[in-house]
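# Geometric and topological summary
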Amino acid sequence: MLFKEEQYFRNSKAGKFSLALIILLFFSLLLFDFLKQSSINGLVIIIELATAFLTFMILWTSKLSTRLDNEKIKYRFTPYNWKIREIKWSQVTSYQIRKYSPLKEFGGFGYRKKLFAKVDCLNVSGNIGLELKLKNGRTLLIGTQSKEKLQSFLTQLKEKSIG
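Structural notes, computed from the coordinates. Just so we're clear, the structure is a prediction, and the values are computed from it rather than from any experiment.

## Some points on the overall build of the chain
Scanning the chain for helices and strands turns up four helices and nine strands. For the chain, the sequential pattern of α-helices and β-strands runs β-α-α-β-β-β-β-α-β-β-β-β-α. Taken over the C-alpha trace, the chain has a radius of gyration of 20 Å; the compact-globule value for 163 residues is 15 Å, which it surpasses by more than 25%. Each principal axis of the C-alpha atoms in the chain carries an extent, and together these give about 75 × 30 × 25 Å. Partitioning the contacts of the chain with sequence separation of at least 6, the portion at a separation of at least 24 is 53%. For the chain, the accessible surface area stands at approximately 10,300 Å², while carbon and sulfur atoms represent 60% of it. The centroid of the 27 positive side-chain charges in the chain is displaced by 3 Å from the centroid of its 12 negative side-chain charges.

See the structure below:
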């Protein structure tokens, strides 16, 4: 049994909005520099271009990879985590697929941590995720765009562990 999902930030509504905003801000800065002075400082333009390009590339390459099998949960959110994180099912006290509010509960999309709580959230878009309560007291919420496939996998996992 296996559940595998890859989600790209660039394919989400939030990702497209963020990329459009970066491009708009970049051209606004260029226009401001052009109108502000007759000779545009080349270094300023290079710094603005490099900052916009770097931010654009970070968002463009952001990818949440999730892989669940009979033994463990593996996840990675590049470029923020290059290392694949693993949680064995034996470390999980409970799990559920639940609806959540990314903005209200975590302040947005991406790799999020709740302040003063032991809760991490990895999400790209949407409001459905797999919530894992761990033996160490932490909670991990991993967003998904494939609720039905994930539910099917978890049902099979539960049947296998009972039978």
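## Let's talk about the sheet that holds strand β1 (residues 2-8)
Sheet strands associate in pairs through backbone hydrogen bonding, adopting either a parallel or an antiparallel arrangement. If you walk across this open sheet you meet the four strands as β1-β2-β3-β4, and the pairing is antiparallel. If you trace the sheet from one side to the other, it starts and ends with β1 and β4 (85-88), each paired once. Adjacent strand axes in the sheet meet at a mean angle of 10° when their direction is disregarded.

## Details of the side chain of Thr 144
By the secondary structure assignment, Thr 144 is in the loop between β9 (139-143) and α4 (147-162). Given the relative accessible area of 5%, Thr 144 is considered buried. Here Glu 5 takes part through its side chain, which lies 2.6 Å from a polar atom of the side chain of Thr 144. Side-chain polar atoms of Thr 144 contact the backbone nitrogen of Ser 146, separated by 3.0 Å. Each residue touching Thr 144, except ones within four places of it in the same chain, is listed here: Phe 3, Glu 5, Gln 7, Ile 128, Gly 129 and Leu 150.

## Looking at the sheet that holds strand β5 (residues 92-99)
Pairing within the open sheet is mixed, and its five strands lie in the order β5-β8-β9-β7-β6. In this open sheet, the two strands that pair with only one neighbour each are β5 and β6 (110-113). Here the strands of the sheet are splayed against their neighbours by 15° on average, with no regard to which way each runs. Relative to strand β7 (residues 119-123), β6 is paired through four bridges, and the arrangement is antiparallel. Residue Gly 110 lies in a different strand from β7, and its bridge partner there is Asn 123.

Reading the values: rules and limits
- Residues numbered from 1 in each chain as written.
- Predicted model: local features only at pLDDT ≥ 70, side-chain atom pairs only at ≥ 80, totals over all residues.
- Heavy atoms only, no water.
- Helix = DSSP H or I, 4+ residues; strand = E, 2+ residues; numbered from the N terminus.
- Rg over C-alpha atoms; globule rule 2.2 N^0.38 Å.
- Contact = heavy atoms within 4.5 Å.
- Areas by Shrake-Rupley, 256 points an atom, 1.4 Å probe, with all protein chains shown as cover.
- Lys, Arg positive; Asp, Glu negative; His and termini not counted.
- Charge placed at Lys NZ, Arg CZ, Asp CG, Glu CD.
- Pairing = 2+ DSSP bridges.
- Axes fitted to C-alpha atoms, helices over the stretch in contact; angles between N-to-C directions.
- Buried < 20%, exposed > 50% of the residue type's maximum accessible area, 1.4 Å probe, protein only.
- Polar contact = N/O pair within 3.5 Å; in protein donor to acceptor, adjacent residues only side chain to side chain.

Everything listed here is a matter of geometry and, on its own, says nothing about what the molecule does.
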